Amino acid sequence: WAYHYITEYPDQPMGSGGKPVKLVIPRGANFRQVLRRLDQAGLKTNQTALKLFAHYKGLAGKVRAGTYTLDSSTTPRKLLDTLVLGVPAPLVSVLIPEGKNMVEVAEILHKAKIANRDKMLEAMRNVHLLRRLGVPGRTMEGFLFPDTYRLKAGTSPQEIMRVLYKRHKRVYYRIRKKYPKQLRWWRKRLGWGHFEIVTLASIVEKETGQSFERPRIANVFLNRLVFPRFRSRLLQTDPTIVYGCVVPEEKSAACRKFKDRIRRIHLNGKANPYNTYAHSGLPPGPIANPGKAAMEAVMAPEKGRYLYFVSKNDGTHYFSKSVREHERAVDKYQRGK
């Protein structure tokens, strides 16, 4: 009788079934307290047998805190499996908009209670972790693909980075497959690959919110990099200066005086490596996380000979091919002449 009881007990229903039972196990509760809570919840069982079975399976110390909804007909085996597995963390829907930098992404995840902001940023700057994930940069900047995600609260920073980077790679490689000729041109003409294309795409993303302008803005920067008569190779884009003054841990003396507005001291600040008014070519890395449209604009820029553009103060830009034309546009739209 004892042998049959021991072998059959784990799979015997604990009640008649059909009635949901709410069981609350507080953090730090030992197994004796768990047994008491089971009894209070109305799940009647042989506590000695359940205790022996739990110790035999090595599960007595692995029960997780949480609020459980159980079927009163559950068996001791299923009960222990459920209590050891724990209550599934709820999925949280979070939107990461295009053009946000990694500090802003960390704050979005923090406000959504998915991950701690500081731990997220620490992981985004962990070079060894980035290498394991295969990220071609010294931070996660540029590779946190903007999209809507459903993530568990308390997900590890490493797992979040893996999910977002996986989405980025899937989109990037689809675009690359679509424009193989342009990719070969980038490699042959400028020696560019994944990292550089994403860097330029991040600048395009920050320069305009108008999708139809992105290919033309990409063309402007491309022309500045390759036209023989544009010898300075300066991209001269404000968002790179702002990024260098806001996001990097180490900031120049001029950037430490930055107050949400670019001034002459920032335009002349050569100590800011992201200052594209003082340093030719691309900045050291991406300045935001570009979406599909911005990356595609870089891979398929509009054909033209534009070298300058200025804001028209309505969300769009006026594009010019010469300095003289550009100065007239600046007078009209910025100086009010």
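This is a predicted model, so every value here is computed, not measured.

Definitions and limits used
- Residues numbered from 1 in each chain as written.
- Predicted model: local features only at pLDDT ≥ 70, side-chain atom pairs only at ≥ 80, totals over all residues.
- Heavy atoms only, no water.
- Axes fitted to C-alpha atoms, helices over the stretch in contact; angles between N-to-C directions.
- Helix = DSSP H or I, 4+ residues; strand = E, 2+ residues; numbered from the N terminus.
- Parallel < 35°, antiparallel > 145°, perpendicular 65-115°, else oblique.
- Left-handed = near helix turned anticlockwise from the far one by under 90°.
- Contact = heavy atoms within 4.5 Å.
- Nonpolar A, V, L, I, M, F, W, Y, C, P; charged D, E, K, R; others polar.
- Buried < 20%, exposed > 50% of the residue type's maximum accessible area, 1.4 Å probe, protein only.
- Arc of directions from axis to C-beta.
- Polar contact = N/O pair within 3.5 Å; in protein donor to acceptor, adjacent residues only side chain to side chain.
- Disulfide = S-S within 2.5 Å.
- Pairing = 2+ DSSP bridges.

It is not clear to me how the packing of helix α3 (residues 47-57) against helix α4 (residues 76-85) should be interpreted in this structure. Could you clarify?
Packed helices, taken two at a time, are described by their axes: the angle between them and the distance between them. Orientation of α3 relative to α4, taken along the N-to-C sense of each, is 55 degrees, at an axis distance of 11 Å. For the element pair α3 / α4, the angle class is oblique. You can see that α3 and α4 cross each other, and the crossing is right-handed. Side by side, α3 and α4 meet where Leu 50, Phe 53, Ala 54 and Lys 57 of the first sit next to Pro 76, Arg 77, Leu 79 and Leu 80 of the second. Here the contact of α3 with α4 is composed, by residue class, of 6 nonpolar, no polar and 2 charged.

Where do I start with helix α6 (residues 117-124) in this structure?
Within an α-helix, residues lying three or four positions from one another point in the same direction, as the helix has 3.6 residues per turn. Taken together, the buried positions of α6 are Met 120, Leu 121, Ala 123 and Met 124. Down the axis, α6 shows its buried residues gathered within 160 degrees of arc, on one side only. Relative to its buried face, α6 has exposed residues pointing more than 90 degrees away, namely Asp 118, Lys 119 and Glu 122. Sitting at the amino-terminal end of α6 is Asn 116, which places a side-chain oxygen 3.0 Å from the backbone nitrogen of Asp 118.

Would you explain the state of the cysteines in this entry?
As used here, a disulfide is simply a covalent bond connecting the sulfur atoms of two cysteines. Under the counting rule described, the total for this entry stands at 1 disulfide. Disulfide partner of Cys 245: Cys 255, at an S-S distance of 2.1 Å. For the disulfide bridge between Cys 245 and Cys 255, the dihedral angle about the S-S bond is near -60 degrees, and by the sign convention the bridge is left-handed. One end of the pair, Cys 245, is in helix α12 (residues 238-246); the other, Cys 255, is in the loop between α12 and α13 (264-267), and 10 residues separate them in sequence.

What's the story with the pairing of strand β2 (residues 66-71) in this structure? I'm lost.
If a strand is regular, its side chains alternate between the two faces of the sheet. Of the two faces of β2, only one is covered, namely that formed by Gly 66, Tyr 68 and Leu 70; the face formed by Thr 67, Thr 69 and Asp 71 stays uncovered. In this structure, strand β1 (residues 20-25) lies alongside β2, joined through 6 bridges in antiparallel fashion. For Val 21, the partnering residue across the bridge sits in β2 and is Leu 70.

It is not clear to me how the packing of α6 against helix α8 (residues 157-178) should be interpreted in this structure. Could you clarify?
One way to put it is that α6 packs onto α8 with a least axis distance of 9 Å and a crossing angle of 60 degrees. Classified by the angle their axes make, α6 and α8 are oblique. Two packed elements cross with a definite hand, and for α6 against α8 that hand is right-handed. Of the residues in α8, those touching α6 at Lys 119, Met 120, Ala 123 and Met 124 are Pro 157, Ile 160 and Met 161. For the contact of α6 with α8, the per-class residue count stands at 6 nonpolar, no polar and 1 charged.

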